[in-house]
Amino acid sequence: MTAPVLLSVEDVAVDLPTPRGNLRAVDHVDLEVAAGRTLGIVGESGCGKTMLSRAILQLLPKRAKLAGRVLFDGQDLLRLGSSALRKLRARSLAVVFQDPMTSLNPVLTIGTQLIETLMEHLVIDLAAARARSIALLAEVGIPAPEQRLMQYPHELSGGMRQRVALAIALSCEPKLLIADEPTTALDVTIQAQILDLLAREQRRRHMAMILITHDLGIVAGRTDEVAVMYAGRVVERAPTQALFKSMRMPYTQALLAAIPKLDAPPHAPLPAISGRPPDPTRPLEGCSFSPRCRYAAARCQREKPVLREAEEAEHHYACFNPLKITAGLSA
Amino acid sequence: MLGFLARRLVYLVPVLLAVSLLTFLIASLLPGDLAYVILGDQATPEKVAALRHDMGLDQPIWWRYLGWLGHLLEGDLGRSFRTGQTVLQAVTERLPVSIELMLLAETIGLLIGVPLAIMCAARAGGAFDRFVTGTAFGMLSVPTFLSAILLIYLFAVQLHLLPATGYVPLAEDPFGNLRFFVLPALTLGLAEWPTIMRVLRSDMIATLQEDYIALARAKGLKPSRILFVHALKPSSLTLVTVTGINIGRLIGGAVIVEQVFALPGIGRLIVGAIYTRDLVILQGAVLLVAAGFVAVNFIVDMLYAVLDPRIRHGHA
Amino acid sequence: MATLELRIREDVTVRSRRLGLLFWLAIGWIILIFAVAILADVLPFPSPTDMDMLEKRAPFSTEHWLGTDGLGRDELARLVFGARSSLLVGLCAPVIGVVIGGALGMLAGYFRGRFEALLVGSADVLLAFPPLILALAITAYLGQSILNLTLILGVLGVPAFMRVARAATLALSRREFVIAAQALGATHARILLRELLPNVVLPLTAFFLVGVAITVVAEGALSFLGLGVPPPTPSWGSMIGEGRESLDIAPRLAFLPAITMFLSVLSFNLVGDTLRALTDPRQGAL
């Protein structure tokens, strides 16, 4: 069952200099994504998941400092020259951002934004690019695709815009698609549609995918593996089913409990996680989650736990007091 | 879109009326009896009174204003007492010079300012950026007449490359005409480029931080395409505004340059009318210049809608 | 008209380093020219109006440190007294602008409605006229004098100050401290004077300095054309205008006042701009 590893993130750290001090956005993260598989990255806002995706894509702000290795198809993206990197984009590595209203250029037509990608990376003429754009729009479920080519992003609804963003991302048949909170900016009713669309396209194209979200409920059933991030670190990583069946991290359990459930009794209080994530410019000595953790012990405040493998293979967690019980949620 | 246009037009009318009123008041209420000025040595109380009556100067001011306004609306701006020309004739004679000066000056300003702005925005904060921004700031502190003197000294006095003053119509001698326009256009262009550069640079720096630029990079597009197609267009709104306003301002506002370089433009016409107390020309020409400025601003407002399709469709 | 409401977005990062050497040099220069202009009568300069026809356009010497001009008058003395004229107009005219324009702007921004529309419309109308031409016309009819010049340039500056004051007031009048004062039953006058004015003063002061720079240039332009400060009182602008005739034989006659004017205008602009960069972000951070 082991597919070849497509993306390997090794000991990646991202530091941002700020007026208040150095901000460690990503703290020594190791991840792997195999070809054709989906990895979900889950965490609260500010846990570093977006910075991690930007690090992988080499789209960090200029002042950011990046350490570690990002191996894609054997090449270290951090050492790659800019023109080689540019050739990789869209053809191998594609991305869908969170808010399609800001990620699509408001003064260019949808057709322009689709066609320019195709013409940059594929050997193709304008007419063929146009035809292919129409086909792509149809594939992502946009009605009347020919008309859409001449329209501007603000003329479409939020869900449609995200579909367009997806069409752009898929246009050159990338090997890996990074979807950074693809549904957060959309209506709840549209969210499921977009997620299903993503899953369908991924299966069809045998694409690897990284699905970044703050909602643990989204990754259930849509991903092969899940990595939970907190304060810039990966605190738990496991195949999806295993994670939901036998989660080890108190944080993961708290995340799960915070999801509203349909079958909960009405007016049942939603257990929120008390406290706030730590200030990233002032990292804690011990475990970053300990101030908010129910099971925190003295050791948790002194030492930083590292990721270690559990009894089950491929299930990693970083905790001194892992949960013994299995949570009873079927994925 | 039509509603947008109509609302703008409605605002225009009172502004134009107020402009005409202010022009008239300035020309009329100022001390200096016109009749005396015209008659000169031949002024006697009887002749003055007669001339005043002829010219309608003994009427109350609001009556005179309405009369003038009435003539205006028929297209009659009046005739100069001195030269006998109608205002329209005098202005249309001078207009090509002012327009040519304005176009050349603005073009120079854009040719210098736009590329510099793009280069600075692409590497914001770098050494080149700081140098250019500093130079632009310094340039803004150089008055027009100062750069005029400097340029004349350099090119006319020292290098004898270009003439210091003079004019030849374009139709007669295009090459000679352009020779006469180089220094004046350059003077104005040097005054224009700093604002153009700062405005475009500022907007582009803001645009380059937008998500859609990050996505354009993620798509692997060429950096030049990202700069010129993705970033330039959304950043050009303020630039278009500034350029439009400059064009409007320069038509009557290049007084210093026209005086220093002896170019027979509208600015010079108005200054001449002030000297010779030619009130009719003064009123008419100033009105045209001010109204023209208002009209140009209106057009620039309309251009907004063209450049930003969001405004066109009512979303902002 | 929306197109007249231009705001250049400042990126503070590049500017925030401006409070360095250049800023203090500018302050130093401003103090210098003010000191010299105020003390001109007391300092041992020859008279700026004494003509010495034998010493026309004389080069630098111990008797005339910066030489003499086309009519044999001491150049340095003329520069110093020219500073006096230019700075007098340059300082007093914007005072008119800031007082009247500032008051009108605050009232417009506070009371809104038709009053505001009227004021903004009037400002638009005034701004439609080329300012130099307006100044020229009025000067030509009222007569040339420092007083008239100051009045005219002062009035012409009112719309600009009005706009700054109005923008600042608009931004402030929606903040909590104003609403709190209104809830407590404070009168309009009290709110305007006690709550809004102290905050509007900051951007107005920054713009005032820029206004000084602009006025010095405007006065210079008018004097250059011979229609500003009346001769024989020297002004930097008229000196440049006179120096124009001797460009081929004695360019220093034009360039000495030119450099002095440039340095002064630059200094005012620098200080004003730095103040503006310092006060703007504070406005945004509530």
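Residues numbered from 1 in each chain as written. Chains lettered and ligands numbered in written order. Predicted model: local features only at pLDDT ≥ 70, side-chain atom pairs only at ≥ 80, totals over all residues.

Engineer: Account for the overall build of chain B, naming residues and giving values.
Structural biologist: In terms of helices and strands, chain B carries 14 helices and 0 strands. Ordering the α and β elements of chain B from the N terminus gives α-α-α-α-α-α-α-α-α-α-α-α-α-α. Relative to its 316 residues, chain B shows a buried fraction of 42%. Within chain B, contacts between residues separated by at least 24 positions form 70% of all contacts whose residues are at least 6 apart in sequence. (Helix = DSSP H or I, 4+ residues; strand = E, 2+ residues; numbered from the N terminus. Buried ≥ 20, exposed ≤ 12 C-beta atoms within 10 Å, placed from the backbone. Contact = placed C-beta atoms within 7 Å.)

Engineer: Tell me about the sheet that holds strand 4 (residues 65-72) of chain A, and please be specific about residues and values.
Structural biologist: Strands in a sheet are paired, the pairing made by backbone hydrogen bonds, and the direction either parallel or antiparallel. Residues and elements named next belong to chain A. Pairing in this open sheet of 4 strands is antiparallel, and the strands run 2-1-4-5 from one edge to the other. Strands at the two margins of the open sheet, each flanked by one partner only, are strand 2 (21-34) and strand 5 (75-76). The pairing of strand 4 with strand 5 spans 2 bridges and is classified as antiparallel. Within strand 5, the position partnered with Phe72 by the bridge is Gln75. In the packing of helix 1 (residues 49-57) onto the sheet, contacts are made with strand 1 (5-18), strand 2 and strand 4, and the angle to strand 2 comes to roughly 70 degrees. (Pairing = 2+ DSSP bridges. Axes fitted to C-alpha atoms, helices over the stretch in contact; angles between N-to-C directions.)

Engineer: So what about the interface of chain C and chain B? Which residues, and what values?
Structural biologist: Contact with chain C, which involves 39 residues of that partner, is made by 50 residues of chain B. Looking at the side of chain C that touches chain B, the elements with two or more residues in it are helix 1 (12-15), helix 4 (113-127), helix 5 (131-142), helix 8 (188-224) and helix 10 (252-284) of chain C. Of the residues that constitute the side of chain C that touches chain B, the class distribution is 29 nonpolar, 5 polar and 5 charged. (Nonpolar A, V, L, I, M, F, W, Y, C, P; charged D, E, K, R; others polar.)

Engineer: Describe the interface of chain B and chain A, listing the residues and the values that go with them.
Structural biologist: Chain B puts 19 residues into the contact, and the matching count from chain A is 23 residues. Looking at the side of chain B that touches chain A, the elements with two or more residues in it are helix 9 (211-218), helix 10 (223-253) and helix 14 (309-312) of chain B. In terms of residues, the side of chain B that touches chain A owes the most to one element, helix 9 of chain B, which gives 6 residues. The residue inventory of the side of chain B that touches chain A, partitioned by class, reads 7 nonpolar, 4 polar and 8 charged.

Engineer: So what about the domain arrangement of chain B? Which residues, and what values?
Structural biologist: How big an interface is tends to be stated in terms of accessible area lost as the parts join. Residues and elements named next belong to chain B. Here the domain parsing of chain B yields domain 1 (2-73) and domain 2 (93-307). Here the C-alpha centroids of domain 1 and domain 2 sit 33 Å apart. Tallying the contact residues gives 13 residues for domain 1 and 12 residues for domain 2. Contributing elements (two or more residues each) for the side of domain 1 that touches domain 2: helix 1 (2-29) and helix 2 (34-39). For the side of domain 1 that touches domain 2, the element with the highest residue contribution is helix 1, accounting for 10 residues. Grouping the constituent residues of the side of domain 1 that touches domain 2 by class yields 9 nonpolar, 3 polar and 1 charged. (Domains from an automatic or database assignment.)

Engineer: Now, about helix 6 (residues 146-172) of chain C: what can you tell me, with residues and values included?
Structural biologist: Taking 1.5 Å of rise per residue, 27 residues should cover 39 Å, and helix 6 of chain C covers 37 Å from first to last C-alpha, within 8% of that figure. Most pronounced at Val158 of chain C, the bend in helix 6 of chain C amounts to some 35 degrees, and the proline Pro159 of chain C follows within four residues. (Expected span 1.5 Å × (residues − 1). Bend = angle between axes of the 7 residues up to and from the residue.)

Engineer: Which residues make up the sheet that holds strand 8 (residues 208-213) of chain A, and what are the values?
Structural biologist: Taking strand neighbours across the sheet as the criterion, the 8 strands line up as 6-7-8-3-9-10-12-11 (chain A) in an open arrangement whose pairing is mixed. Each end of this open sheet is capped by a strand with a single partner; those strands are strand 6 (93-96) and strand 11 (308-309) of chain A.

Engineer: Requested: an account of the confidence of the model for chain C, with residues and values cited.
Structural biologist: Residue and element names in this part refer to chain C. Averaged over every residue, the pLDDT of chain C is 81; residues scoring 70 or more account for 91%. Confidence drops under pLDDT 50 across residues 1-16; counting only partners more than four residues distant or on other chains, this segment forms 33 contacts. A low-confidence stretch, residues 282-286 stays under pLDDT 50, and its non-local contacts, those more than four residues away or across chains, total 2 contacts. The complex model carries a pTM of 0.82, and its ipTM stands at 0.85. (pLDDT = per-residue confidence, 0-100.)

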